[in-house]
Amino acid sequence: MELIGEISADRPLLVLAVKEEAQFLDTSLPILLTGMGKVNGAIALATVLARGARPSGIVNLGTAGALRVGLTGTHVVGTVIQHDLASDVLRTLTGELVGQPLTLPDADGPTLATGDAFIADDASRDRLAVRASLVDMEGYAIAAAAQEAGVPLRIVKHVSDDAGDGAVRAWRETVAECARALADWSARNIPA
């Protein structure tokens, strides 16, 4: 976890997993690098929010795999789900719904599936495509922590790969291009 800059109530906090995704961002805004995965995302955001000043909002920027053929570009997410939580099984055990989908302010945007697995095979991609358009490793955790803290959130993802065979190589080859696209989106849509 690394916090660059200071959080204040009059500015949003940009939250990303890794420095490769943040490399072109305007650092006049505070940036939180959480590390990869749901646990790192939730712990990092909850920790900085518990320390004191709350930001005016949170924008989770990052890369995502496309679960649908031809899906490219930058997307503002409408709903986020956890693809690796056995919600139905847990409901049968406890009678309670755990990890329900979270609807974000941009409700008409695509659904993002979050899980701790980097999806890099065609079979997993095709299985997830029934439920979502995009896949990442932190979005749901960031959304849950922001919601618990009562801080408004937007999730913005740029497609880095097709989440199929070869996705690892594709992410490495495209992450700088994705970081540039995310910085451009941020400059156009987030007041500094």
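Structure's up top.
No experiment lies behind these values; they were computed from the predicted model shown.

## Regarding the overall build of the chain
Helix and strand counts for the chain come out as six helices and 10 strands. Here the chain has a C-alpha radius of gyration of 16 Å; the compact-globule value for 192 residues is 16 Å, and the two agree. Along the longest, intermediate and shortest principal axes, the C-alpha atoms of the chain span 40 × 40 × 30 Å. The burial tally for the chain puts 51% of its 192 residues in the buried class. Sequence-distant contacts in the chain: of pairs separated by 6 or more residues, those separated by 24 or more amount to 76%. Of the roughly 9,000 Å² that the chain leaves accessible, carbon and sulfur atoms contribute 52%.

## Some points on the packing of aromatic side chains
For the structure on display, the rule yields zero aromatic pairs. Sitting above the plane of the Phe-24 ring, Arg-180 keeps its charged end 3.8 Å from the centroid.

## A closer look at the nonpolar core
In terms of nonpolar packing, the biggest core is built from 26 residues, with Leu-45, Ile-58, Leu-153 and Ile-155 touching the most fellow members. Secondary-structure elements contributing two or more residues to this core are strand E2 (13–16), helix H2 (38–50), strand E4 (58–66), helix H5 (139–149) and strand E10 (153–161). With five residues, the single largest contributor to this core is H5. What Leu-45 contacts, discounting residues up to four positions off in sequence, is Leu-13, Val-15, Leu-32, Ile-58, Ile-142, Ala-145 and Ala-146. With 14 residues, the next largest nonpolar core counts Leu-25, Leu-61, Leu-182 and Ala-183 among its residues.

## A few points about helix H6 (residues 167–189)
The terminal C-alpha atoms of H6 lie 28 Å apart, and with 23 residues this falls more than 12% below the ideal 33 Å at 1.5 Å per residue. Ala-167, Ala-170, Trp-171, Thr-174, Val-175, Cys-178, Ala-179, Ala-181, Leu-182, Ala-183, Trp-185 and Ser-186 are the residues of H6 that are buried. Against E2, helix H1 (19–22), E4, strand E5 (74–76) and E10 lie the buried residues of H6.

## Overview of the pairing of strand E6 (residues 79–82)
As a general feature of sheets, a regular strand has side chains that alternate between the two faces. On E6, burial covers both faces: Thr-79 and Ile-81 on one face and Val-80 and Gln-82 on the other are all buried. Here E6 runs beside strand E7 (residues 102–103); their pairing, made up of two bridges, is antiparallel. Residue pairing in the sheet places Val-80 in a bridge with Leu-102 of E7. As paired strands, E6 and strand E8 (residues 111–114) are joined by four bridges and run parallel to one another. Counted as the bridge partner of Thr-79 is Thr-111 from E8.

## Here we look at the pattern of salt bridges
For the coordinates displayed, the defined rule picks out six salt bridges. Close ionic contact of Arg-154 with Asp-106 constitutes a salt bridge, the shortest N to O distance being 3.0 Å. Of this pair, Arg-154 sits in strand E10 while Asp-106 is found in the loop between E7 and E8, placing the two residues 48 residues apart along the sequence. The partner of Asp-136 in a salt bridge is Lys-157, and the shortest N-O contact between them spans 2.9 Å.

About the criteria used
- Chains are numbered independently. Their residues run from 1 in the order of the written sequence.
- With the structure being a predicted model, the display of local features is reserved for residues of pLDDT at least 70 and the display and counting of side-chain atom pairs for 80 or more, all residues being used for whole-chain, interface and lining totals.
- Only hydrogens and water are set aside when side-chain values are computed; all heavy atoms of the structure are taken into account.
- To qualify as a helix, a DSSP run of H or I must reach at least 4 residues; to qualify as a strand, a run of E must reach at least 2; elements of each kind are numbered from the N terminus.
- Taken over C-alpha atoms, the radius of gyration is set against a globule rule of 2.2 Å times the number of residues to the power 0.38.
- Buried residues are those whose accessible area, probed at 1.4 Å on protein chains only, stays under 20% of the maximum for their type, while exposed residues exceed 50% and partly exposed ones sit between those limits.
- Contacts were defined at the residue level, with two residues in contact if any of their heavy atoms lie within 4.5 Å.
- With residues, only the protein chains shown are counted as cover, and all accessible areas are computed by Shrake-Rupley using a 1.4 Å probe.
- For Phe, Tyr and Trp, where Trp contributes only its six-membered ring, two rings pair if their centres lie within 6.5 Å, and the inter-plane angle classes them as stacked under 30 degrees, edge-to-face over 60, or tilted in between.
- Working rule: Lys NZ or Arg CZ, within 6 Å of ring centre, within 35 degrees of ring normal, means a charge sits over the ring.
- Each nonpolar core is a collection of buried residues, namely Ala, Val, Leu, Ile, Met, Phe, Trp, Tyr and Cys, held together in the definition by side-chain atoms within 4.5 Å.
- Helices are assigned an expected span. That span is 1.5 Å times one less than the residue count.
- DSSP bridges decide pairing: two strands pair if at least two such bridges lie between them.
- Throughout this description, the term salt bridge denotes a Lys or Arg side-chain nitrogen within 4 Å of a carboxyl oxygen of Asp or Glu.

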